[in-house]
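Descriptive structure summary
Chain by chain, the residues:
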Amino acid sequence: MTHNFQIKSLQLENPFILAPLAGYTDLPFRLLCRQYGAALCYTEMISCHGLVYNKKKTLQMTQTVPQEKPVALQLFGADPVMMGKAAAIVSDMDIDIIDINMGCPVKKVVKKGAGAALMQNRNLAAAIIKQVCKNTSKPVSIKIRTGWSHDSVTAPEFARMAQDNGASSIAVHGRTWTQGFGGDVDLQTITRVKNSVAIPVIANGDIVSYQDGLACLARSGCDGVMIGRGALGNPWVFSENGTPETLAKRMRGLSEHLHLIQKYSNPDTILARIKNHAGRYFKGIKGGLAIRKQIYGVSNFSELLELAQSCNN
Ligand SMILES: Cc1cc2nc3c(=O)[nH]c(=O)nc-3n(C[C@H](O)[C@H](O)[C@H](O)COP(=O)(O)O)c2cc1C
């Protein structure tokens, strides 16, 4: 049994959420995950500077359609004024939540004071949350890590600061910046965050099945669970019945994904990205290697579509 929950006035139909994944959580993939049961999906992180300076590539990343609602648009940046301006811009779009990235470990982002670096600068983080809230009437959420390093696990106090400055929900990836994506997820600290604030808390890290998600909800007491890598090539992670074992059923999932890609993007310009998605549907399954080789070998999108359809017949 799962429960629904609410972020400010936004009612979510279940606690399963698609994480923001740069390079992956574009409109077609978000729509697919919504169809398979995710209650809310996050966009890839979007630069506040790119929005304010009207950069074409950045604006493309804000693409949304009513069918995917609700959607959370994630901003990143380290300048409160720019983040406020970006919030005002995206507030006019048909999105439901503005999320602020405070957990990205990538050097290029951290060096500029954004992403996980904000966990080391609580005053700046507070100023950013305040400015974003001031410039929108939509719920504002933050996504954080447990802290900077094992001797600086600050997520519970950081979460209280965010709540005090207007945040409406908090997602916590259960690792520190120094851990990157390795080592164990610290569910204890996530639970401490949940117990430190009154706003909804969403647990994140290494959830790879629906059952994992239920177990995490029960153990942490969190309101929601967020799934990233576990959803790649596996939108079934959001459904109670789980990932199918047959190649044909997985191919059906891929076909649906490809049709969404065809409808909402210009597939031949992003073929490498599509192949990356497609290959993931056949990991850990008998006969998967041969299909992955065929996928990587196609030279255009229609060949890939044909391959998926021939296996469906
Ligand atoms: C390829 C990749 C891209 C990511 N991009 C983002 C991002 O744009 N914004 C963000 O807040 N987190 C990003 N993350 C972190 C994930 O949202 C998530 O916190 C992390 O992967 C742990 O969850 P998981 O084990 O379910 O994948 C990214 C992670 C990966 C692997």
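Residues numbered from 1 in each chain as written. Predicted model: local features only at pLDDT ≥ 70, side-chain atom pairs only at ≥ 80, totals over all residues.

Another aspect to go through is the overall build of the protein chain. From N to C terminus, the protein chain includes 13 helices and ten strands. With respect to the three principal axes, the spread of C-alpha positions in the protein chain is 55 × 45 × 35 Å. Among the 313 residues that make up the protein chain, the fraction classed as buried is 48%. Partitioning the intrachain contacts of the protein chain with sequence separation of at least 6 by distance along the chain shows that 67% fall at a separation of at least 24. (Helix = DSSP H or I, 4+ residues; strand = E, 2+ residues; numbered from the N terminus. Buried ≥ 20, exposed ≤ 12 C-beta atoms within 10 Å, placed from the backbone. Contact = placed C-beta atoms within 7 Å.)

Moving on, we get to the packing of helix α11 (residues 271-280) against helix α12 (residues 288-297). Taken N-terminus to C-terminus, the directions of α11 and α12 make an angle of 170 degrees; their axes are 9 Å apart at the nearest point. In terms of their interaxial angle, α11 and α12 are classed as roughly antiparallel. Contacts from Lys275, Ala278 and Gly279 in α11 reach Arg292, Ile295 and Tyr296 in α12. Tallied by class, the residues present in the contact of α11 with α12 amount to three nonpolar, one polar and two charged. (Axes fitted to C-alpha atoms, helices over the stretch in contact; angles between N-to-C directions. Parallel < 35°, antiparallel > 145°, perpendicular 65-115°, else oblique. Nonpolar A, V, L, I, M, F, W, Y, C, P; charged D, E, K, R; others polar.)

This part covers the nonpolar core. Counting 77 residues, the largest nonpolar core has Leu75, Ile129, Ile170 and Val225 as its most contacted members. With residues up to four places along the chain from it excluded, the contact list for Val225 reads Pro15, Phe16, Ile17, Ile202, Ala203, Ile207, Gly213, Cys216 and Leu217. Core analysis: the second largest hydrophobic core is formed by 14 residues, Ile261, Ile274, Ala278 and Ala308 among them. (Core = buried A, V, L, I, M, F, W, Y, C linked by C-beta atoms within 7 Å.)

Of all residues adjacent to the ligand, which total 21 residues, the nearest are Ala19, Pro20, Met45, Gly228 and Arg229. Of the residues belonging to the shell around the ligand, the class tally is eight nonpolar, nine polar and four charged. (Near = placed C-beta within 6 Å.)

Burial along strand β10 (residues 224-227) is two-sided: the face carrying Gly224 and Met226 and the face carrying Val225 and Ile227 are both buried. Judged from the three bridges that link them, strand β3 (residues 16-18) and β10 form a sheet pairing that is parallel. Bridging from a neighbouring strand, Ile17 pairs with Met226 of β10. Pairing between strand β9 (residues 201-204) and β10: three bridges, direction parallel. Bridge pairing in β10 places Asn204 opposite Met226. (Pairing = 2+ DSSP bridges.)

Per the domain assignment, the segments of the protein chain are domain 1 (5-238) and domain 2 (247-312). Put simply, the middle of domain 1 and the middle of domain 2, counted by C-alpha atoms, are 28 Å apart. Each partner contributes residues to the interface: domain 1 has nine residues there, and domain 2 has twelve residues. Broken down by class, the residue content of the side of domain 1 that touches domain 2 amounts to seven nonpolar, two polar and no charged. (Domains from an automatic or database assignment.)

A separate point is the sheet that holds strand β5 (residues 71-76). Taken in spatial order, the eight strands line up as β3-β4-β5-β6-β7-β8-β9-β10 and close into a barrel, and their pairing is parallel. Neighbour to neighbour, the strand axes of the sheet diverge by 30 degrees on average, direction disregarded. One ladder, built from five bridges, connects strand β6 (residues 97-102) with strand β7 (residues 140-147); its direction is parallel. Residue pairing in the sheet places Asp99 in a bridge with Ser141 of β7. Sitting on the sheet, helix α4 (residues 80-91) is in contact with β5 and β6, with an inclination near 155 degrees to β5. Helix α6 (residues 122-134) contacts β6 and β7 of the sheet and is inclined by roughly 165 degrees relative to β6.

For helix α7 (residues 155-164), every residue scored as buried is listed here: Ala155, Pro156, Phe158, Ala159 and Ala162. Looking straight down α7, one finds its buried side chains confined to an arc of 160 degrees; they lie on one side. Where α7 ends, the next residue or the one after it, Gly166, has phi of about 115 degrees, a positive value. (Arc of directions from axis to C-beta.)

For Asp212, the location among the structural elements is in helix α9 (residues 210-220). In this structure Asp212 comes out as partly exposed when scored by C-beta crowding, with 15 C-beta atoms within 10 Å. Asp212 sits 51 residues away from Lys263 along the chain, and the two C-alpha atoms are 33 Å apart.

Within the element layout of this structure, Leu27 appears in helix α1 (residues 27-35). The residues touching Leu27, leaving out its near neighbours within four places in the chain, are Gln63, Thr64, Val65, Glu68 and Tyr264.

Examined against the element boundaries, Gln74 turns out to sit in strand β5. Judged by the 25 C-beta atoms lying within 10 Å of it, Gln74 falls in the buried class.

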